[in-house]
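Each chain, letter by letter, is given below.
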Amino acid sequence: MSTATRVANRVEKVPFLSRGDASLLLVLPGLFIFSAFMLFPVVYLVGISFTNAEPANLFAGEGVVSILTFGDATFVGLKNYANILTDPQFWNSFGITWLFVATSVVLKILTSLSIALVVTSDLVRGKRFLRSFIIFPMGLPPIFTITVWRGIFSSAQFGLMNQFLTGFGFEPVAWLSGRWTAFMAYNITEAWLAYPFMVIITVSALQDVSEELHEAAVVDGAGFVSRFLHVTLPSIKRPVLFATILTSAASFQQFLIPFVFNEGGPARANELLIVYGYREALQFQEYGRGAAISIVALVFIGAFMWLNVKKGRLADGVND
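Described in the following lines is the structure provided in the data block. (Residues numbered from 1 in each chain as written. Predicted model: local features only at pLDDT ≥ 70, side-chain atom pairs only at ≥ 80, totals over all residues. Heavy atoms only, no water.)

The helix and strand inventory of the protein stands at 15 helices and zero strands. Taking all 320 residues of the protein together, the buried fraction comes to 34%. If you take every contact in the protein between residues at least 6 apart in sequence, the share linking residues at least 24 apart comes to 65%. Of the roughly 18,700 Å² of accessible surface on the protein, a fraction of 68% belongs to carbon and sulfur atoms. (Helix = DSSP H or I, 4+ residues; strand = E, 2+ residues; numbered from the N terminus. Buried < 20%, exposed > 50% of the residue type's maximum accessible area, 1.4 Å probe, protein only. Contact = heavy atoms within 4.5 Å. Areas by Shrake-Rupley, 256 points an atom, 1.4 Å probe, with all protein chains shown as cover.)

Let us look at the pattern of salt bridges. Following the criterion strictly, the structure yields six salt bridges and no others. The partner of Glu271 in a salt bridge is Arg279, with the nearest N and O atoms 2.3 Å apart. Residue class for Glu271 comes out buried when judged on its relative accessible area of 0%. We classify Arg279 as buried; its relative accessible area is 9%. Each of the salt bridges in this network shares a partner with another, and the network as a whole consists of Asp87, Arg268, Glu271, Arg279, Glu280 and Arg289. (Salt bridge = Lys/Arg side-chain N within 4 Å of Asp/Glu carboxyl O.)

Here we come to unusual backbone geometry. With an omega of 5°, the peptide bond between Gly265 and Pro266 qualifies as cis. Within the element layout of this structure, Pro266 appears in the loop between helix H13 (256-262) and helix H14 (273-283). Non-glycine residue Glu263 carries a positive phi angle of around 55°. By the secondary structure assignment, Glu263 is in the loop between H13 and H14. Within the chain, Gln285 stands out as a residue other than glycine whose phi angle is a positive 60°. By the element assignment, Gln285 lies in the loop between H14 and helix H15 (287-311). Residue Gln285 is classed as partly exposed on the basis of its relative accessible area of 42%.

Further remarks concern the packing of aromatic side chains. Per the stated rule, a full pass over the model turns up 22 aromatic pairs. Ring geometry for Trp91 versus Phe94: centroids 5.7 Å apart, planes at 80°, classification edge-to-face. With Trp91 and Phe94 both in helix H6 (residues 88-119) and three residues apart, this pair spans about one turn of that helix. Here the aromatic rings of Phe259 and Tyr278 are separated by 5.2 Å at their centres, their planes lie at 80°, and the arrangement is edge-to-face. Pair noted here: Phe259 is in helix H13 and Tyr278 is in helix H14, with a separation of 19 residues, a long-range link. A network of ring pairs unites the aromatic residues Phe90, Trp91, Phe94, Trp98, Phe252, Tyr276, Phe300 and Phe304 as a single cluster. (Phe/Tyr/Trp six-rings, centres within 6.5 Å; stacked < 30°, edge-to-face > 60°.)

Further remarks concern the environment of Thr120. The topology assignment puts Thr120 in the loop between H6 and helix H7 (127-134). Overall, the relative accessible area of 22% leaves Thr120 in the partly exposed class. With 86 residues separating them along the chain, Thr120 and Leu206 place their C-alpha atoms 7.6 Å apart. Residues contacting Thr120, with those up to four places away along its chain left out, are Lys127, Arg131, Val203 and Leu206. Polar side-chain contacts of Thr120 include one of 2.7 Å to the backbone oxygen of Ala116. (Polar contact = N/O pair within 3.5 Å; in protein donor to acceptor, adjacent residues only side chain to side chain.)

As a further point, take H15. Look at H15: 36 Å from first C-alpha to last across 25 residues, which is about the 36 Å you get at 1.5 Å a residue. If you check which residues of H15 are buried, you get Gly288, Arg289, Gly290, Ala291, Ala292, Ile293, Ile295, Val296, Ala297, Ile301 and Phe304. (Expected span 1.5 Å × (residues − 1).)

Printed below as a string of structure tokens:
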């Protein structure tokens, strides 16, 4: 007899519980853990965003209860939201974040699709070794990888990219001191971090493409490009779109790359939204303002993912 059946049988013996309530009892432990680690922090963050919380008043009281009730912080309504929506730096961060999401996603898709086509080609030998080698970056800590890439894009003459340029007769570039050169470095590093996941999804999708469709297209005289556009792409569209949505959300929340590279510089020009919220909350110690920025970011991420899932019809076939 299974555990669920034993619990259901015991529930029947309790006067005020029906058999249908057994399922509720079974999910209560998981619901409690979810609430403790996911729901409660979000609710607490929403609460802080409506106060003037800062270290001086949030931790003014004694004990955990005082902190959970926001200490001596006072309710300010929508003041924090009004302040950030009228702050030019917020709109700069908002715009550069969406630009980063768009450019990095395009780069990740092109890179991952190209690699996946190579490692699934019949003309390539040692494909198993290549696939193992390609996903190797997933085993490295992101902070380690980002630090290495920061060294590659070092503005010093001994930086790897500058050595590459000088080797071809070009002048060294101050990569992290210019807005768009630093932005390009962000994109390349982000693509490196995300491409193993994208390649795994794309390779799996490519392996499920029917060979009969390709053979029929060859018989009809379709070349490689025509078969790729009309057979391969439609077949892998949904898995690749799913991976794209996930990596887009990760790009929107990117913090380590801009912060480690140059803290969103130069002069906060490339300060992504999460870095902006971090700076307001921890460097300027405006916890309420930082919480409001995080809530705004959360709303946009949720709306972005919901819209893409709906428009991409990724939930088709799932029961309501």
